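# Structural characterization, general
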Amino acid sequence: GPDDSYFVWKKNGQKIKACITEQSHMLFDGRVHVLSWLKDSVSENTEYKCSLISKVGNVTSEVLITVEDKDSAGQDGWTKEFNTWRSVINEHDKMMQNWKKTW
């Protein structure tokens, strides 16, 4: 995105600032590679929205997290999926750190 890009996170319609991680890296053509994620825990159904805003425009992603009973089936599947996403984020963080060293 453009170099003036920034994120706005909302949880159930309310802006949040805590537990947000952002990374950015300037590309040769003036664009910026940006990534943001949120670490949070929920005990009830929760809607998250992440907007990337710049002078060129904006785009919003949203997701509804549905909380199931602790005893319901599928918890093992969710744990595996969560661990996969955690691994992807960790790999991306390592890649960004290597890029910073290279540049």
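Residues numbered from 1 in each chain as written. Predicted model: local features only at pLDDT ≥ 70, side-chain atom pairs only at ≥ 80, totals over all residues. Heavy atoms only, no water.

## A closer look at the pairing of strand E5 (residues 46-54)
When strand E1 (residues 6-11) meets E5, the two strands line up antiparallel, connected through 6 bridges. The partner of Val8 across the bridge, within E5, is Ser51. Bridge analysis of E5 against strand E6 (residues 57-65) gives 9 bridges, and the strand direction is antiparallel. Bridge pairing in E6 links Lys49 to Glu62. Linking E5 to E6, which pair antiparallel, is a turn of 2 residues. (Pairing = 2+ DSSP bridges. Helix = DSSP H or I, 4+ residues; strand = E, 2+ residues; numbered from the N terminus.)

## Considerations on the pairing of strand E3 (residues 20-26)
Taken together, the 7 bridges between E3 and strand E4 (residues 32-38) define a ladder with antiparallel strand orientation. By the bridge assignment for E4, Gln23 is matched with Leu35. Two successive antiparallel strands, E3 and E4, enclose a turn made up of 5 residues, where Gly30 displays a positive phi of approximately 95°.

## Digging into the sheet that holds E6
Strand order in the open sheet formed by 4 strands is E2-E1-E5-E6, with antiparallel pairing between adjacent strands. Only two strands of the sheet have a single partner each, and these edge strands are strand E2 (14-16) and E6. Each neighbouring strand pair of the sheet contributes to a mean axis angle of 30°, computed without reference to strand direction. (Axes fitted to C-alpha atoms, helices over the stretch in contact; angles between N-to-C directions.)

## Some words on the confidence of the model for the chain
It should be kept in mind that the predicted coordinates are not to be read in detail where pLDDT is low. Model confidence for the chain is summarised by a mean pLDDT of 82, while 89% of its residues fall at 70 or above. Considering each helix and strand of the chain separately, the mean pLDDT is smallest for helix H1 (residues 75-102), with a value of 79, and largest for E2, with 93. (pLDDT = per-residue confidence, 0-100.)

## Description of the pattern of salt bridges
Here the structure, examined in full by the defined rule, presents 2 salt bridges. Linking Lys11 and Asp40 is a salt bridge whose minimum nitrogen-to-oxygen distance equals 2.8 Å. Of this pair, Lys11 sits in strand E1 while Asp40 is found in the loop between E4 and E5, placing the two residues 29 residues apart along the sequence. Its relative accessible area of 41% is what places Asp40 among the partly exposed residues. The salt bridge partner of Glu91 is Lys94, with a shortest N-O separation of 3.7 Å. Pair noted here: Glu91 and Lys94 are both in helix H1, with a separation of 3 residues, about one helical turn. Judged by its relative accessible area of 47%, Glu91 is partly exposed. (Salt bridge = Lys/Arg side-chain N within 4 Å of Asp/Glu carboxyl O. Buried < 20%, exposed > 50% of the residue type's maximum accessible area, 1.4 Å probe, protein only.)

## Section: the environment of Val67
Within the secondary structure, Val67 is located in the loop between E6 and H1. Taking the C-alpha atoms as reference, Val67 lies 5.5 Å from Glu44; in sequence the two are 23 residues apart. Aside from chain neighbours lying at most four places away, what touches Val67 is Val42, Ser43, Glu44 and Asn45. (Contact = heavy atoms within 4.5 Å.)

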